[in-house]
Amino acid sequence: QSILKLITGGGIGCFYYYLAYTVAWLGNIIVSIFQSLASMASSLFKSSLFNIWRIKMKKISIVIPVYNEEKTIAKILEIIWRLDLDLNKEIIIVNDGSRDKSKEIIQNYLRKKKKIKGTDIVFISKENGGKGSAIREGINRASGDLLIMQDADSEYNPQEIKKLIEEINKGE
(Lines give C-alpha, C1' and ligand atoms only; values in the text may rest on other atoms or scores of the structure.)
Protein backbone atom coordinates (compact mmCIF):
# COMPACT_ATOMS: atom_id res chain seq x y z
CA GLN A 1 0.00 0.00 0.00
CA SER A 2 2.88 2.36 0.70
CA ILE A 3 4.23 1.75 -2.86
CA LEU A 4 0.80 2.56 -4.30
CA LYS A 5 0.80 5.80 -2.27
CA LEU A 6 4.26 6.63 -3.58
CA ILE A 7 3.21 6.02 -7.20
CA THR A 8 -0.12 7.75 -6.93
CA GLY A 9 1.03 10.58 -4.71
CA GLY A 10 -1.73 9.67 -2.35
CA GLY A 11 -4.56 9.76 -4.92
CA ILE A 12 -5.95 6.95 -7.03
CA GLY A 13 -6.62 9.43 -9.88
CA CYS A 14 -2.89 9.94 -10.35
CA PHE A 15 -2.42 6.19 -10.53
CA TYR A 16 -4.87 5.95 -13.46
CA TYR A 17 -3.17 8.90 -15.13
CA TYR A 18 0.24 7.17 -14.98
CA LEU A 19 -1.31 3.90 -16.12
CA ALA A 20 -2.93 5.61 -19.14
CA TYR A 21 0.31 7.41 -19.92
CA THR A 22 2.27 4.13 -19.82
CA VAL A 23 -0.26 2.36 -22.06
CA ALA A 24 -0.13 5.24 -24.57
CA TRP A 25 3.67 5.18 -24.51
CA LEU A 26 3.73 1.42 -25.17
CA GLY A 27 1.15 1.89 -27.95
CA ASN A 28 3.42 4.42 -29.66
CA ILE A 29 6.32 1.98 -29.49
CA ILE A 30 4.19 -0.78 -31.04
CA VAL A 31 3.01 1.54 -33.83
CA SER A 32 6.63 2.53 -34.52
CA ILE A 33 7.65 -1.12 -34.75
CA PHE A 34 4.85 -1.89 -37.25
CA GLN A 35 5.74 1.18 -39.32
CA SER A 36 9.36 0.02 -39.46
CA LEU A 37 8.32 -3.48 -40.50
CA ALA A 38 6.04 -2.08 -43.20
CA SER A 39 8.86 0.10 -44.49
CA MET A 40 11.25 -2.86 -44.60
CA ALA A 41 8.66 -4.99 -46.43
CA SER A 42 8.12 -2.21 -48.97
CA SER A 43 11.88 -1.91 -49.52
CA LEU A 44 12.19 -5.66 -50.00
CA PHE A 45 9.35 -5.65 -52.53
CA LYS A 46 11.17 -2.99 -54.56
CA SER A 47 14.63 -4.50 -54.12
CA SER A 48 16.66 -6.01 -56.93
CA LEU A 49 16.43 -9.43 -55.25
CA PHE A 50 12.65 -9.35 -55.65
CA ASN A 51 13.02 -8.07 -59.24
CA ILE A 52 15.16 -11.11 -60.08
CA TRP A 53 12.34 -13.37 -58.84
CA ARG A 54 9.86 -11.45 -60.98
CA ILE A 55 11.96 -11.86 -64.12
CA LYS A 56 11.89 -15.64 -63.65
CA MET A 57 8.08 -15.63 -63.76
CA LYS A 58 7.31 -17.65 -66.87
CA LYS A 59 3.80 -19.05 -66.52
CA ILE A 60 0.47 -17.86 -65.16
CA SER A 61 -2.25 -20.26 -64.07
CA ILE A 62 -5.77 -18.90 -64.50
CA VAL A 63 -8.37 -20.88 -62.57
CA ILE A 64 -11.97 -20.48 -63.73
CA PRO A 65 -14.59 -22.03 -61.43
CA VAL A 66 -17.81 -22.64 -63.38
CA TYR A 67 -21.31 -23.29 -62.13
CA ASN A 68 -24.30 -22.74 -64.44
CA GLU A 69 -22.55 -20.13 -66.61
CA GLU A 70 -23.87 -21.14 -70.04
CA LYS A 71 -24.56 -17.50 -70.96
CA THR A 72 -21.04 -16.19 -70.30
CA ILE A 73 -18.49 -19.02 -70.31
CA ALA A 74 -17.70 -19.04 -74.05
CA LYS A 75 -17.08 -15.28 -74.04
CA ILE A 76 -14.79 -15.45 -70.99
CA LEU A 77 -12.83 -18.37 -72.44
CA GLU A 78 -12.33 -16.52 -75.72
CA ILE A 79 -11.12 -13.36 -73.97
CA ILE A 80 -8.66 -15.34 -71.85
CA TRP A 81 -7.56 -17.43 -74.85
CA ARG A 82 -6.69 -14.24 -76.78
CA LEU A 83 -5.11 -12.45 -73.82
CA ASP A 84 -1.50 -11.55 -74.67
CA LEU A 85 0.40 -11.62 -71.40
CA ASP A 86 4.02 -12.21 -72.46
CA LEU A 87 3.80 -15.31 -70.23
CA ASN A 88 2.82 -18.88 -70.90
CA LYS A 89 -0.78 -19.48 -69.84
CA GLU A 90 -2.33 -22.42 -68.09
CA ILE A 91 -6.11 -22.12 -68.19
CA ILE A 92 -7.77 -24.40 -65.64
CA ILE A 93 -11.52 -24.65 -66.05
CA VAL A 94 -13.33 -26.37 -63.18
CA ASN A 95 -16.95 -27.23 -63.90
CA ASP A 96 -18.53 -27.57 -60.46
CA GLY A 97 -21.46 -29.84 -61.39
CA SER A 98 -23.31 -27.32 -63.57
CA ARG A 99 -26.92 -28.29 -64.30
CA ASP A 100 -27.21 -26.14 -67.40
CA LYS A 101 -25.26 -26.52 -70.66
CA SER A 102 -21.99 -25.07 -69.32
CA LYS A 103 -20.11 -28.38 -69.59
CA GLU A 104 -21.19 -28.97 -73.19
CA ILE A 105 -20.36 -25.38 -74.18
CA ILE A 106 -16.87 -25.71 -72.67
CA GLN A 107 -16.25 -29.07 -74.37
CA ASN A 108 -17.40 -27.71 -77.76
CA TYR A 109 -15.25 -24.61 -77.32
CA LEU A 110 -12.17 -26.68 -76.51
CA ARG A 111 -12.78 -29.06 -79.44
CA LYS A 112 -12.74 -26.12 -81.86
CA LYS A 113 -9.57 -24.54 -80.50
CA LYS A 114 -6.23 -25.48 -81.94
CA LYS A 115 -3.28 -25.78 -79.59
CA ILE A 116 -1.37 -22.54 -79.26
CA LYS A 117 2.25 -22.65 -78.17
CA GLY A 118 2.52 -21.44 -74.59
CA THR A 119 -1.16 -22.03 -73.76
CA ASP A 120 -2.29 -25.17 -71.95
CA ILE A 121 -5.87 -25.92 -71.01
CA VAL A 122 -7.00 -28.24 -68.24
CA PHE A 123 -10.71 -29.06 -68.04
CA ILE A 124 -12.01 -30.65 -64.85
CA SER A 125 -15.63 -31.63 -64.34
CA LYS A 126 -16.69 -32.65 -60.86
CA GLU A 127 -19.73 -32.99 -58.64
CA ASN A 128 -21.03 -29.78 -57.14
CA GLY A 129 -19.14 -28.91 -54.00
CA GLY A 130 -19.40 -25.13 -54.04
CA LYS A 131 -17.20 -22.42 -55.46
CA GLY A 132 -14.54 -22.92 -52.77
CA SER A 133 -14.10 -26.58 -53.68
CA ALA A 134 -13.86 -25.71 -57.38
CA ILE A 135 -11.17 -23.13 -56.62
CA ARG A 136 -9.24 -25.60 -54.43
CA GLU A 137 -9.38 -28.18 -57.22
CA GLY A 138 -7.98 -25.62 -59.66
CA ILE A 139 -5.24 -24.56 -57.25
CA ASN A 140 -4.24 -28.20 -56.76
CA ARG A 141 -3.79 -28.58 -60.53
CA ALA A 142 -2.03 -25.24 -61.10
CA SER A 143 1.65 -25.24 -62.00
CA GLY A 144 2.24 -21.57 -62.86
CA ASP A 145 4.49 -19.06 -61.12
CA LEU A 146 1.46 -16.81 -60.63
CA LEU A 147 -2.11 -17.87 -59.85
CA ILE A 148 -5.22 -15.88 -60.76
CA MET A 149 -8.89 -16.65 -60.18
CA GLN A 150 -11.26 -15.57 -62.95
CA ASP A 151 -14.99 -15.78 -62.45
CA ALA A 152 -16.89 -17.24 -65.38
CA ASP A 153 -19.68 -14.69 -65.10
CA SER A 154 -17.68 -11.62 -66.21
CA GLU A 155 -17.72 -10.17 -62.69
CA TYR A 156 -14.03 -9.41 -63.17
CA ASN A 157 -12.74 -8.18 -66.50
CA PRO A 158 -10.06 -10.61 -67.78
CA GLN A 159 -8.26 -7.64 -69.38
CA GLU A 160 -7.33 -6.54 -65.85
CA ILE A 161 -5.02 -9.57 -65.59
CA LYS A 162 -2.55 -7.88 -67.93
CA LYS A 163 -2.61 -4.69 -65.82
CA LEU A 164 -2.04 -6.74 -62.67
CA ILE A 165 1.02 -8.43 -64.17
CA GLU A 166 2.39 -5.04 -65.28
CA GLU A 167 2.05 -3.73 -61.71
CA ILE A 168 3.76 -6.81 -60.29
CA ASN A 169 6.62 -6.33 -62.73
CA LYS A 170 6.94 -2.67 -61.73
CA GLY A 171 7.25 -3.73 -58.12
CA GLU A 172 4.74 -1.18 -56.87
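The structure under discussion appears in the preceding block.
This write-up is about the structure you can find in this document. Worth saying up front: this structure is predicted, and the values here are computed from it rather than measured.

### Some thoughts on the pattern of salt bridges
Turning to step 1, where the next piece is worked out: Summed over the entire model, instances satisfying the criterion amount to 6 salt bridges.
Turning to step 2, where the next piece is worked out: A single network of salt bridges, built from pairs that share partners, joins Glu78, Arg82 and Lys113.

### Thoughts on the side chain of Asp100
Turning to step 1, where the next piece is worked out: Along the chain, Asp100 falls in the loop between strand S2 (88-96) and helix H5 (102-112).
Turning to step 2, where the next piece is worked out: Buried charge without a partner: Asp100 forms no salt bridge, and the closest opposite charge is Lys71, 8.2 Å away.
Turning to step 3, where the next piece is worked out: Those residues within four positions of Asp100 in sequence are excluded, and the remaining contacts are Asn68, Glu69 and Glu70.

### Overview of helix H7 (residues 160-170)
Helical geometry: 3.6 residues make up each α-helical turn, so side chains three or four residues apart lie on a common side.
Turning to step 1, where the next piece is worked out: Every buried residue of H7 is listed here: Ile161, Ile165 and Ile168. The buried residues of H7 occupy an angular sector of 60 degrees when projected down its axis, which confines them to one face.

### Focus on the nonpolar core
The nonpolar side chains of a soluble globular protein tend to be buried, and buried together.
Turning to step 1, where the next piece is worked out: Ile60, Ile64 and Ile161 are the most contacted members of the largest nonpolar core, which has 23 residues in total.
Turning to step 2, where the next piece is worked out: Excluding its chain neighbours within four sequence positions, the residues that come into contact with Ile60 are Leu85, Leu87, Asn88, Lys89, Glu90, Leu146, Ile148, Ile161 and Ile165.
Turning to step 3, where the next piece is worked out: By size, the runner-up hydrophobic cluster in this structure holds 5 residues, among which are Val63, Ile92, Ile124 and Ala134.

### Quick look at a nonpolar patch on the surface
Turning to step 1, where the next piece is worked out: Together, Leu26, Ile29, Ile33 and Leu37 make up an exposed nonpolar region whose accessible area comes to about 330 Å².
Turning to step 2, where the next piece is worked out: Inspection of the secondary structure assignment puts Leu37 in helix H2 (residues 12-46).
Turning to step 3, where the next piece is worked out: According to the relative accessible area criterion, Leu37 is partly exposed, its value standing at 43%.

### Comments concerning unusual backbone geometry
Turning to step 1, where the next piece is worked out: Notably, Asn68 is not glycine yet its phi reads approximately 50 degrees, a positive angle.
Turning to step 2, where the next piece is worked out: Phi at Asp86 is positive, roughly 60 degrees, even though this residue is not glycine.
Turning to step 3, where the next piece is worked out: Its location among the elements puts Asp86 in the loop between helix H4 (73-82) and S2.
Turning to step 4, where the next piece is worked out: Accessibility expressed as a relative area gives 70% for Asp86, which makes it exposed.

### A closer look at the pairing of strand S3 (residues 119-126)
Turning to step 1, where the next piece is worked out: Across 8 bridges, the pairing between S2 and S3 is parallel. For Asn95, the partnering residue across the bridge sits in S3 and is Ser125.
Turning to step 2, where the next piece is worked out: At this point the chain moves from S2, through H5, to the parallel S3, and the crossover so formed is right-handed.

### A closer look at the sheet that holds S2
Turning to step 1, where the next piece is worked out: A sheet is described by the order of its strands in space; here 4 strands give the open sequence S3-S2-S1-S4, paired in parallel fashion. Each having just a single partner strand, S3 and strand S4 (146-149) make up the two edges of the open sheet. On average, each strand axis in the sheet is inclined to that of its neighbour by 15 degrees, with strand direction left out of account.
Turning to step 2, where the next piece is worked out: This element, helix H6 (residues 131-141), spans strand S1 (59-66), S2, S3 and S4 of the sheet and lies at about 145 degrees to S2.
Turning to step 3, where the next piece is worked out: With respect to the sheet, H7 is in contact with S1 and S4, its orientation differing from that of S4 by roughly 145 degrees.

Rules and cut-offs
- Residues numbered from 1 in each chain as written.
- Predicted model: local features only at pLDDT ≥ 70, side-chain atom pairs only at ≥ 80, totals over all residues.
- Heavy atoms only, no water.
- Salt bridge = Lys/Arg side-chain N within 4 Å of Asp/Glu carboxyl O.
- Helix = DSSP H or I, 4+ residues; strand = E, 2+ residues; numbered from the N terminus.
- Buried < 20%, exposed > 50% of the residue type's maximum accessible area, 1.4 Å probe, protein only.
- Lys, Arg positive; Asp, Glu negative; His and termini not counted.
- Contact = heavy atoms within 4.5 Å.
- Arc of directions from axis to C-beta.
- Core = buried A, V, L, I, M, F, W, Y, C linked by side-chain atoms within 4.5 Å.
- Patch = residues over 30% accessible without salt bridge, like charges linked within 9 Å, V, L, I, M, F, W, Y side chains within 5 Å.
- Areas by Shrake-Rupley, 256 points an atom, 1.4 Å probe, with all protein chains shown as cover.
- Pairing = 2+ DSSP bridges.
- Right-handed = clockwise from strand over helix to strand, strands pointing away.
- Axes fitted to C-alpha atoms, helices over the stretch in contact; angles between N-to-C directions.

Everything listed is a geometric property; what it means functionally is a separate question.
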